Amino acid sequence: MITNNTGATKNVSVIVSVARFCQRLQFSVMIVSKKHRKPRNIKETHPHASPRETPPPQMACDAIFYEIYPQSFVDSNGDGIGDIPGITLKLDYIKDLGCNAIWLNPCFDSPFKDAGYDVRDYKKVASRYGTNDDLIALFDAAHRRDMHVILDLVPGHTSEEHEWFHRSCKVERNNYSDRYIWTDSWISGGDGLPFIGGESPRNGTYILNFFKCQPALNYGFAHPERSWQKPALGPDAKATCDAMVDVMRFWLSRGADGFRVDMADSLVKKDDEGKPYTIRTWQYMFARIRPAFPEAAFVSEWGRPEESMAAGFDMDFYLDWRWDGVPNGYNMLLRNVDDPLSRKGDKSYFNADSGTPISEFLDEYEPRLREAETADGNFNFITCNHDTARVAPRLSQREIALAYCTLFAMPGVPFLYYGDEIGMRYRALPGKEGGYVRTGSRTPMQWGANDASGALHVSDSAESDIRAGDVTGGSYLPADPSADAPTVAAQQADAESLWHTVRSILHVKGECDALRSGATFHAIERDRVFVFERSTHLQKLIIAVNPSRDCKALQLPDGSYRTIFSIGENEISGTSLRLGLQSFAILEAE
């Protein structure tokens, strides 16, 4: 029941960094990781202001993000690949769901050896997604709906096919010779970093960040020890920073509302504990972009807000980390098991059978939250993302509903991954475009029927609402063929579905002052039942969740309360609250 009452080696070879490879690919190691104010287009302002003289952008206060993997969301032209016009087509769906901002995964020109995280041209939309004009039209259409769009920026490396790299490979010195990290001899190792030799006429090997196709951009070394290692924030590193600022300026001036920054903590090589040189590098870049675009929002893939906020980011979010069987806070909630696809041995808090108290999560989470608050930033939660195994089918629909409602009621701004609103399932699929085990979380959005035929062809001016059953997510990957595969169309028709739960809680979040990012957070109950208070000077809420299969009774702080949202059977009498099994409630103090 849901209620809502609120309106090295000298060989010429490739050396792979095992740690980084595991970090990005192995789910068992890292399962990848106020008042309302109307959104507005970012306008250039005084160019000499300090990067943090202005308050955080409003988007950092009231955004509810919807993450879109573009090749799998909506195929508007029937070529099998999701595209930007298709996203524009579904803006009203996203807004109706309760989201007012979009995080768009990489959409730039790429050979797609790492699904777009290998950028060939930062200033050109990949032709399979559309054109630059299509992306600008998406910005405009979103702004007309009081929505925002942030792009995925990959600053640490490019594709080996990028023009910068082609020029950097030349024997003759040029302006791009030091844009990437090169050793000084064709037989040199990478000083412990992965490298490649024998691929260019230049007398040197080059450093990699991830795949063989992703040469590392040169942001310098924290402590150069070899002649070819340039210092962080030295002239060569600053030139790379300036080039990346130019990319940001290009898209911000065309209507983008900010960036989520991939692997933001990894720019400077061999940085010290706490990433001081990478922090200073970001401070250098923000000092050159924020004065002109003070309303631009920057979200880091960092996972340690005490560092990312010092660097100047507005937002950070939990990554799904699990190192040597030791989970971080986010992993404790949803995937506390070595095999994230198995329920056996799962100790995650929202698993009804785990018996796990919330206290361990809070011990890990609260210090990070306070660090973000001190820096006037946000530490956020994701439901999942393109690098992380979906929680379905390992968790049931009720378990997922309780988890998402709790995450959406926590501090910060939430990130809802496309398809999670209907409980799309992780699928064990062969890797595609460098996805490997991540591929199973990147399948086409399940709008209607369980096949990928009959994609809608959209005219250039099409922006109207189309019934969910009329569109498909394309055939980039095989969709879930199961007879009971969740779809938007089916769940919209079912008032008890996960889709309706998600929509209801997101609208409650959007309407409640005490669920805004800056509202206070205070944990009241820290056992199997989790009860916390969120409040501002305008409103006080008590949020309670019982993930277990037993009814629970508890006492609330003194006051009078009314239920504004609930899942399951809950009873309130004065300051006594009885929580039914697997239940959730938001109570407003009167």
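Along each chain, the written sequence defines residue order, and numbers are assigned to residues from 1. Local features in this predicted model are restricted to residues of pLDDT 70 or higher, and side-chain atom pairs are both shown and tallied only at a pLDDT of 80 or more, whereas totals for entire chains, interfaces and linings draw on every residue. Only hydrogens and water are set aside; all other atoms, that is, all heavy atoms of the structure, feed into the side-chain values.

Engineer: Give me the lowdown on the sheet that holds strand 11 (residues 315–317), citing residues and values where you can.
Structural biologist: Spatially, eight strands are ordered 14-11-10-9-6-3-2-15 in an open sheet, and the strand pairing comes out parallel. Each edge of the sheet is formed by a strand with only one pairing partner; in this case those strands are strand 14 (378–380) and strand 15 (415–417). Across the sheet, the mean angle separating the axes of adjacent strands is 25 degrees when strand polarity is ignored. Bridge count between strand 2 (residues 65–68) and strand 15: three bridges; the pairing is parallel. Looking across to strand 15, one finds that Tyr66 is bridged to Leu416. For two strands to be treated as a pair, DSSP must find no fewer than two bridges joining them. Each helix is a run of DSSP H or I of at least 4 residues and each strand a run of E of at least 2, with the numbering of both proceeding from the N terminus. The convention used is that axes are lines fitted to C-alpha atoms, helices contributing only their stretch in contact, and that angles between N-to-C directions extend from 0 to 180 degrees.

Engineer: Quick one: what's the story with the confidence of the model for the protein chain, residue by residue and with numbers?
Structural biologist: Of all residues in the protein chain, 87% have pLDDT values of 70 or greater, and the mean over the chain is 89. pLDDT is a residue-level measure of predictor confidence that goes from 0 to 100. Any two residues having at least one pair of non-hydrogen atoms within 4.5 Å are treated as being in contact. Counted against residues more than four places away or in other chains, residues 5–52, with its pLDDT under 50, gives 135 contacts. Note on residues 450–469: pLDDT under 50 across the span, and 47 contacts to partners over four residues away in sequence or across chains.

Engineer: Please provide a residue-by-residue account of the packing of helix 7 (residues 235–252) against helix 8 (residues 276–289), values included.
Structural biologist: The interhelical angle for the contact between helix 7 and helix 8, taken along N-to-C directions, is 40 degrees, at an axis separation of 10 Å. With respect to each other, helix 7 and helix 8 are oriented oblique. Crossing handedness for the pair helix 7 and helix 8: right-handed. Note on element contacts: helix 8 touches helix 7 through Thr281, Trp282, Tyr284, Met285, Arg288 and Ile289, opposite Lys238, Cys241, Asp242, Met244, Val245, Met248, Arg249 and Leu252. Residues are sorted three ways: Asp, Glu, Lys and Arg are charged, Ala, Val, Leu, Ile, Met, Phe, Trp, Tyr, Cys and Pro are nonpolar, and all the rest, Gly among them, are polar. Broken down by class, the residue content of the contact of helix 7 with helix 8 amounts to nine nonpolar, one polar and four charged. Just so you know how the angles are binned, under 35 degrees is roughly parallel, over 145 roughly antiparallel, 65 to 115 roughly perpendicular, and the rest oblique. Handedness of a crossing is defined here by the sense of rotation of the near helix relative to the far one, left-handed for an anticlockwise turn of less than a right angle and right-handed for a clockwise turn.

Engineer: Run through the packing of aromatic side chains, naming residues and quoting values.
Structural biologist: Stacked, tilted and edge-to-face pairs are distinguished by plane angle, under 30 degrees for stacked and over 60 for edge-to-face with tilted covering the rest, among Phe, Tyr and Trp rings (Trp via its six-membered ring) whose centres lie within 6.5 Å. All told, the structure shown has 41 aromatic pairs when counted by the stated rule. Seen in terms of ring centroids, Phe361 and Phe381 are 6.2 Å apart; in terms of plane orientation they differ by 45 degrees. Their pairing is tilted. Taken together, the residues Phe361 in helix 11 (residues 359–374) and Phe381 in the loop between strand 14 and helix 12 (397–409) connect sequence positions 20 residues apart. Ring geometry for Tyr365 versus Phe381: centroids 5.3 Å apart, planes at 40 degrees, classification tilted. Of this pair, Tyr365 sits in helix 11 while Phe381 sits in the loop between strand 14 and helix 12, and the two are 16 residues apart along the sequence. By relative accessible area, Tyr365 is classed as buried at 0%. An aromatic cluster is defined as three or more aromatic residues linked by ring pairs; in this entry it consists of Tyr318, Tyr330, Phe361, Tyr365, Phe379, Phe381, Phe521, Phe530 and Phe532. One residue, Arg528, lies across the ring of Tyr349, its end atom 5.3 Å from the ring centre. Here's how the labels work: a residue is buried when its accessible area is under 20% of the maximum for its type, exposed when over 50%, partly exposed in between, all with a 1.4 Å probe on protein chains only. Working rule: Lys NZ or Arg CZ, within 6 Å of ring centre, within 35 degrees of ring normal, means a charge sits over the ring.

Engineer: So what about helix 14 (residues 498–511)? Which residues, and what values?
Structural biologist: Given a helix with a known number of residues, its expected span is that number minus one, times 1.5 Å. Along its 14 residues, helix 14 runs 20 Å from first to last C-alpha, staying within 8% of the 20 Å computed at 1.5 Å per residue. Among the residues of helix 14, Leu498, Trp499, Thr501, Val502, Ser504, Ile505, Leu506, Val508 and Lys509 are the ones counted as buried.

Engineer: Which residues make up the sheet that holds strand 21 (residues 570–573), and what values go with them?
Structural biologist: Read across the open sheet, the three strands follow the order 19-22-21; overall the sheet is antiparallel. On the outer flanks of this sheet lie strand 19 (552–555) and strand 21, each paired with one strand and no other. Pairwise comparison of adjacent strand axes, ignoring direction, gives a mean angle of 15 degrees for this sheet.

Engineer: Which residues make up the pairing of strand 6 (residues 148–153), and what values do they have?
Structural biologist: Counting buried positions along strand 6 yields six of six residues, so the element is predominantly enclosed. The pairing of strand 3 (residues 101–104) with strand 6 spans four bridges and is classified as parallel. For Ala101, the partnering residue across the bridge sits in strand 6 and is His148. Of the pairings in the sheet, the one linking strand 6 to strand 9 (residues 258–261) comprises three bridges and is parallel in character. In the sheet register, Leu153 faces strand 9, and the bridge partner there is Val261.

Engineer: How would you explain unusual backbone geometry if you had to name every residue and give the values?
Structural biologist: The step from Ala392 to Pro393 runs through a cis peptide bond, and the omega angle for that step is 10 degrees. Tracing the backbone shows Pro393 in the loop between strand 14 and helix 12. Look at Glu433: it is not a glycine, yet its phi comes out positive at around 50 degrees. If you trace the backbone, Glu433 turns up in the loop between strand 15 and helix 13 (488–492).

Engineer: Quick rundown of the nonpolar core? Include the residues and the values.
Structural biologist: In these notes, a set of buried Ala, Val, Leu, Ile, Met, Phe, Trp, Tyr and Cys residues joined through side-chain atoms within 4.5 Å is what counts as a nonpolar core. Core analysis: the largest hydrophobic core is formed by 157 residues, its most contacted members being Tyr66, Leu151, Trp251 and Trp282. Beyond its immediate stretch of four places on either side in the chain, Trp251 contacts Phe108, Tyr122, Lys123, Lys124, Val125, Asn132, Leu135, Phe139, Leu151, Ala256 and Phe259. Formed by 11 residues, the second largest nonpolar core is a distinct cluster that contains Leu556, Leu577, Leu579 and Ala585.

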